[in-house]
Each structure stands twice: as structure tokens, then as C-alpha cells.
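So you can see what is in the structure, the chains are spelled out below.
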Amino acid sequence: MSELLDQLPSEDRAKQIGYRDARFTKNYDGIWQNVGKCVFCDLRDKYIFFEENDVVMTVSLFAYIDGHLMIIPRRHVKTTKELTDREWRTVRKFTYLAKKLIREIYDIKGMQIVEKEGETAQSTVNQHIHFHCIPFDAPDLSTWNYRKLKFTPVENANKYRAASKKLLAQAAKYDVKYAQPETFRMSCDAIILNQHDEILFQERTEGMKLEPDYFTPPGGGVHTGDTSLEAAVVRELQEEVGVAFAPGDLSLITSRFDTMAYQRHEPHLNTKVVTPVRFFWNLYLLRTTLPHSAFTPGDDCAAIHWVPRAEVAKHAHISPEMKAIIAGLSL
């Protein structure tokens, strides 16, 4: 018995061993007949070891073989056609990570991906679509001959968490080599310059911070259906700094494709994850004579900073790219 199991209360230890042995001993048969709920809408954090875009990687409580994991969208959707483009891309990325982890941790090179979709295939979980990633080391698994397991679910989850450095390295590698977004995000920001020759920068909220954690001009994403890019940035400015402007107040400075790295907290690994995002960017200039007190932070803006234009070049929280843009402005 492992040290991890020894640390559990006797009731929890017995439950973990029951999970581990259920398939091999045939005790799994009939387990879900009286559950009365969708178990995948009620996932337990202690078995989840990675999450992105509301899609999780979790171990299987009733594994077929050691290392068996699952990919499950948080949303209760029944078929693949209900998945959003972002969820589909995340599932694709997670299958890549699953194969790498299974090879690294369990020394098994093969992997079966079994998608459970439809009433007859997954009636026990109320048709919540999910994807099994099953280590495949011999043909006998094709006949669903379940194995006597060495590890309980909590031990398997702990083994995956212990490989967090490898997981994060492979996730970063995937983003660089294989991520192929079909559409670009569009973002519109505004350099707001006041009569004191100061420029307004926003400090971003925790969920929207960049890597490195630079201050940025206020603005944000443009959504399909906006009447114009200028109207979109006016809306974003009102949400983030609390002041209403007119689209005609804006002057376009630059329009380009760019890449920005966002950081997020991965709660299951308790670490920071950095994700690069490719987007199309419009940057505008807006002059104002309004007092500082007219501007209040909101939405994705945690705090407002007025930086004298002469101090931008040496400011530690402004990106080199933004410094270059401001230095090249004819104001």
C-alpha cells in the first residue's frame, strides 16, 4: 500500500481501493443504476489535474488500466456538434497532452481515445459527452478486459499532478507547434492623453493579466455584430474607465496583427499558466480635458494610472512595444 493511501482515513482508503478494483472484480456492474444525477456535472476537484477553457482532464474513478484519464467539457452537452470551437480545440490539445503524459508517467506508447456519445453508449451519465484516453499496451484491451489496478483514483490523480512541470512544458509546446486558431481575436484600445501631457494606463484584473504583467491602454475585445470598431472601443472605454466618448473623438494610430501572452491561475496544479494569443489590433488616440476624478476603474480594469508622457520610456510596467509606439507619435 502506498504512503498516500496510508494517510487516508480507513473509510476513504476502503473507498479508493473499491474504485481501483471495481472493474477487475466485476463489482462495477450496476454501480450507476441508481445514481439519479449526471456524475460529470458534479466532478470532484481532487481527481481533476488540469483545466482550460471549461474543459477538464480528470482520472477515471473506475479505470480500465492504470493511467486511464478522461477529457470532459464542464457544460452538459450531448454531442460533439454542440461543442464550441474553443472547446473542440481544447479537447484536441488535451488528447495530445494525454498521450505525452501516459508515455512519460506509465511508459506506455499507445493510447486509445474512446468518445462516449449517445444514449446507448453513456446512459449512466445522462448523455454528457466525454472522451476516454486509455493507455494501450496490448490488444486484449480492445475486448474490454479490465485489469487489476495497482493504484486508486486519488493515487493516479496525484501521479499526474506530480508531473506538472512536464505537463506545462508540453502544453506550451503544443501552443507553439500545433495550435491553429481558425479566427483571430480583434482588440481595440485607446491611448488617452490629457491636457497635462499624461497618458492613462490600466492595471488589469487578475483574470486578464498579461505575461509579463504590463499596464495597457484601456480597451478590449471586439465582438461580432459591433456596428464599427470605433463604437466598440467607445463601449469598452465606458466599461473600463467609466467615461463616455464619441466615436468621432478617436484617431487611428496603428492597425496590425500581434501576439499577446495571457496568464491564468491553474487551480488544480496551483500554478501560473501562460497562453499566447494571436489577434488583430487597432490602437487609437483620444485627447481629453476631463479631470482625473472623471475616470473610475471597472470591468477588466483593476486600477488607473496616469503616466507623464516623458516618463513612459523608463516605466517598468509598460511594454517595450508600447513605449516605441508612444515615442513615435507626433503629438
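Up top you'll find the structure we're talking about.
Overview of the structure. (Residues numbered from 1 in each chain as written. Predicted model: local features only at pLDDT ≥ 70, side-chain atom pairs only at ≥ 80, totals over all residues. Heavy atoms only, no water.)

1. Section: unusual backbone geometry
Spelled out, the test is: A run of DSSP states H or I qualifies as a helix once it reaches four residues; a run of E qualifies as a strand once it reaches two. Both are numbered from the N-terminal end. Each residue gets one of three labels from its accessible area relative to the maximum for its type: buried under 20%, exposed over 50%, partly exposed in between, using a 1.4 Å probe on protein chains only.
In this model, Glu211 is joined to Pro212 through a cis peptide bond whose omega is 0 degrees. Tracing the backbone through its elements, the reader meets Pro212 in the loop between strand 7 (198-204) and strand 8 (219-221). Within the chain, Asn53 stands out as a residue other than glycine whose phi angle is a positive 55 degrees. Inspection of the secondary structure assignment puts Asn53 in the loop between strand 1 (48-52) and strand 2 (55-59). Classification of Asn53 by relative accessible area gives partly exposed; the value is 32%. Of note, the phi angle at Asp107 is positive, near 60 degrees, even though the residue is not glycine. Among the secondary structure elements, Asp107 is positioned in the loop between helix 3 (85-106) and strand 4 (110-116). Residue class for Asp107 comes out exposed when judged on its relative accessible area of 66%.

2. Quick look at the packing of aromatic side chains
For clarity, the threshold we go by: Pairing of aromatic rings covers Phe, Tyr and the six-membered ring of Trp, with a centre-to-centre limit of 6.5 Å; geometry is then stacked below 30 degrees between planes, edge-to-face above 60, and tilted otherwise.
Taken as a whole and assessed by the stated rule, the structure comprises 10 aromatic pairs. Here the aromatic rings of Phe295 and Trp306 are separated by 5.2 Å at their centres, their planes lie at 80 degrees, and the arrangement is edge-to-face. Taken together, the residues span a long stretch of sequence, with Phe295 in the loop between strand 10 (271-288) and strand 11 (301-308) and Trp306 in strand 11 at a distance of 11 residues. Each of the two residues, Phe295 as well as Trp306, counts as buried. Put simply, the rings of Phe49, Tyr106 and Tyr160 touch in pairs and so form one group of aromatic residues.

3. Examining a positive patch on the surface
Convention followed: Patch definition: residues with relative accessible area over 30% and no salt bridge; like charges joined within 9 Å; nonpolar side chains (Val, Leu, Ile, Met, Phe, Trp, Tyr) joined within 5 Å. Exposure was quantified through the Shrake-Rupley algorithm and a 1.4 Å probe, taking into account, for residues, occlusion by the shown protein chains and nothing else. Whenever a carboxyl oxygen of Asp or Glu lies within 4 Å of a side-chain nitrogen of Lys or Arg, that contact is scored as a salt bridge. Charged residues are defined here as Lys and Arg on the positive side and Asp and Glu on the negative side; His and the ends of the chain fall outside this count. Where a charge sits is defined by one atom per residue type, namely NZ (Lys), CZ (Arg), CG (Asp) or CD (Glu).
Together, Lys99, Lys100, Arg103, Lys109, Lys173 and Lys177 make up a positively charged patch on the protein surface. When residues of the positive patch are traced back to their parent elements, those giving at least two are helix 3 and helix 6 (164-177). The greatest single-element share of the positive patch, amounting to 3 residues, is contributed by helix 3. Looking at the element boundaries, Lys109 is found in the loop between helix 3 and strand 4. Relative accessible area serves as the criterion here: at 58%, Lys109 is assigned to the exposed category.

4. Focus: the pattern of salt bridges
Enumeration over the complete set of coordinates arrives at 13 salt bridges. Ionic pairing is found between Arg20 and Asp21, a salt bridge with its closest N-O pair at 2.9 Å. No difference in accessibility class separates Arg20 from Asp21, as the two residues are buried. A salt bridge links Lys148 to Asp21, with the shortest nitrogen-to-oxygen separation between them at 2.9 Å. Of this pair, Lys148 sits in the loop between strand 5 (130-136) and helix 5 (153-162) while Asp21 is found in helix 2 (residues 10-25), placing the two residues 127 residues apart along the sequence. Residue class for Lys148 comes out partly exposed when judged on its relative accessible area of 44%. A relative accessible area of 12% means that Asp21 is categorised as buried. Each member of the salt-bridge network shares a partner with another, and the members are Arg20, Asp21 and Lys148.

Bear in mind that shape data such as this cannot, by itself, settle questions of function.
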